[in-house]
Amino acid sequence: ESGVVPSPRSGHRMVSYRGYLVLFGGFYEALRDVKWFNDLFLFSFQERKWIAIENKPHLAVPRARSGFQMCIHGPEDTLFVFGGFSKEKMASL
């Protein structure tokens, strides 16, 4: 295992897709230290290394969350994130 490694966390979600393990979100809690994540990582089964995916500034990025549902739908390889828990309160629509 090499490359950038995701930090320790729970409540994240992972899905296997096209030779990669896709990891998104989660949180870390230890005593008074709590961190929520909205980062995205790929683990290449072939290369056996993690790859951090950088967010593009002009694209919408899901808020940090845990305990959500996640899937990827092709042919555009679109990642869908639905629900979960967040440190931010969402406005009702």
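J.: It is not clear to me how the environment of Leu21 should be interpreted in this structure. Could you clarify?
T.: Here Leu21 is to be found in strand β3 (residues 20–30). Spatially, the C-alpha atom of Leu21 lies 14 Å from that of Gly3, the residues being 18 residues apart in sequence. Ignoring sequence-local partners within four residues, the contact set of Leu21 consists of Met14, Val15, Ser16, Phe41, Leu42, Phe43, Phe45 and Trp50.

J.: Sorry if this is basic, but what is going on with the nonpolar core here?
T.: Among soluble globular proteins, nonpolar side chains are generally buried collectively. By size, the foremost hydrophobic cluster in this structure holds 7 residues: Tyr17, Val22, Phe24, Leu42, Phe68, Met70 and Ile72. Mapped by element, the contributors of at least two residues to this core are β3 and β6 (69–73). If near-sequence neighbours (up to four positions away) are discounted, Val22 is found in contact with Arg13, Met14, Val15, Tyr17, Leu40, Phe41, Leu42, Met70 and Ile72. Grouped together as the second largest cluster of nonpolar side chains are 5 residues, Leu21, Phe41, Phe43 and Trp50 included.

J.: Would you mind going over the pattern of salt bridges with me for this structure?
T.: Oppositely charged side chains may form a pair once their charged atoms are brought near each other. Tallying each qualifying case throughout the model produces 3 salt bridges. In this structure, Asp39 and Arg9 form a salt bridge, with 2.7 Å as the shortest nitrogen-oxygen distance. Of this pair, Asp39 sits in strand β4 (residues 33–44) while Arg9 sits in the loop between β1 (2–3) and β2 (13–17), and the two are 30 residues apart along the sequence. Take Arg9: its relative accessible area is 15%, and that puts it in the buried class. Across the salt bridge formed by Glu47 and Lys49, the nearest N and O atoms sit 3.7 Å from each other. Residue classification places Lys49 among the partly exposed positions, given a relative accessible area of 30%.

Conventions used here
Residues numbered from 1 in each chain as written. Predicted model: local features only at pLDDT ≥ 70, side-chain atom pairs only at ≥ 80, totals over all residues. Heavy atoms only, no water. Helix = DSSP H or I, 4+ residues; strand = E, 2+ residues; numbered from the N terminus. Contact = heavy atoms within 4.5 Å. Core = buried A, V, L, I, M, F, W, Y, C linked by side-chain atoms within 4.5 Å. Buried < 20%, exposed > 50% of the residue type's maximum accessible area, 1.4 Å probe, protein only. Salt bridge = Lys/Arg side-chain N within 4 Å of Asp/Glu carboxyl O.

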